[in-house]
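# Residue-level structural notes
What follows is each chain in one-letter form.
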Amino acid sequence: MIDQAVIDRINQGDVKAFECLYNDYFVYLCACANSYIFNAEEAQDIVNEVFMKLWYKRGDLFFPSLHSRERVADEYRETLLEYQEEYCMSECNPLKEMEQADLERQVQTVITSLPDKCRTVFEQYLYSELTPQEIAEKNGISVNTVRVHIKNAMDKMKEKLGSRIGILLFFLF
């Protein structure tokens, strides 16, 4: 428990008092921060920044009343929630990345299971972004045959991955 004596010692530059505070609360505060932002390294960085600010503001620290502590906790909670929203909306979202990687594996599994000619045509269509006409010329087959291979591959995708596969492929590739 933090009391006025610990705050007074830190205000006087007592490194040992600061170390005790840090050691007693670092893991707990990291867990609290991580519960908002879901990134352990970022949580540790945030908590370290808080402790650095405490040390730099030594001499001006005060022991807040219960009402003030609740207000400060609410402000930090609100700041962490805002950070969590920004993090979830950013490009770096581990859950989204895991879901996308899983979907890519499922798509690749289905593509691998296609017959050779169908797989070759579909991969050229999907990855090389060739038109059916270009694929036909490249493989010495008719445009209608290319379309049939693409349709068969898409049907297999729908069968294995569901009807939303067209939208998913659009976002993946």
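Predicted model only: the values in this text are computed from it and were never measured.

### Overview of the packing of helix α2 (residues 15–37) against helix α3 (residues 40–56)
Two numbers describe how α2 lies on α3: the axes approach to 8 Å, and their chain directions differ by 145°. For the pair α2 and α3, the crossing hand works out as right-handed. Across the interface between the two elements, Val15, Phe18, Leu21, Tyr22, Tyr25, Phe26, Leu29, Cys30, Ala33, Asn34 and Ile37 from α2 touch Ala40, Glu42, Ala43, Gln44, Ile46, Val47, Asn48, Phe51, Leu54 and Trp55 from α3. Counted by class, the contact of α2 with α3 contains 17 nonpolar, three polar and one charged residues.

### Side note on the packing of aromatic side chains
Evaluated as defined, the whole model comprises four aromatic pairs. Taken together, Phe18, Tyr22, Phe26, Phe51 and Trp55 form an aromatic cluster joined through their ring pairs.

### Re α2
Along an α-helix, residues three or four positions apart point the same way, because every turn accommodates 3.6 residues. Of all the bends found along α2, the most pronounced is centred on Tyr25 and spans about 45°. What α2 keeps buried is the set Ala17, Phe18, Leu21, Phe26, Cys30, Ala33, Tyr36 and Ile37. Where α2 starts, the residue carrying a side-chain oxygen 2.9 Å from the main-chain nitrogen of Lys16 turns out to be Asp14. Following α2 by one or two positions, Phe38 has its phi on the positive side, about 55°.

### A look at α3
Here α3 is 17 residues long and its end C-alpha atoms lie 24 Å apart, about the 24 Å a rise of 1.5 Å per residue gives. For α3, the complete set of buried residues consists of Ala43, Val47, Phe51 and Trp55. Along the axis of α3, the buried residues cluster in a sector spanning 115°; they form a single face. α3 presents Glu41, Lys53 and Tyr56 as exposed residues on the side facing more than 90 degrees away from its buried surface. The inward-facing, buried residues of α3 abut α1 (4–11) and α2. Where α3 begins, the capping side chain belongs to Asn39, and its oxygen is found 3.1 Å from the backbone nitrogen of Glu41.

Conventions we followed
Residues numbered from 1 in each chain as written. Predicted model: local features only at pLDDT ≥ 70, side-chain atom pairs only at ≥ 80, totals over all residues. Heavy atoms only, no water. Axes fitted to C-alpha atoms, helices over the stretch in contact; angles between N-to-C directions. Helix = DSSP H or I, 4+ residues; strand = E, 2+ residues; numbered from the N terminus. Left-handed = near helix turned anticlockwise from the far one by under 90°. Contact = heavy atoms within 4.5 Å. Nonpolar A, V, L, I, M, F, W, Y, C, P; charged D, E, K, R; others polar. Phe/Tyr/Trp six-rings, centres within 6.5 Å; stacked < 30°, edge-to-face > 60°. Bend = angle between axes of the 7 residues up to and from the residue. Buried < 20%, exposed > 50% of the residue type's maximum accessible area, 1.4 Å probe, protein only. Polar contact = N/O pair within 3.5 Å; in protein donor to acceptor, adjacent residues only side chain to side chain. Expected span 1.5 Å × (residues − 1). Arc of directions from axis to C-beta.

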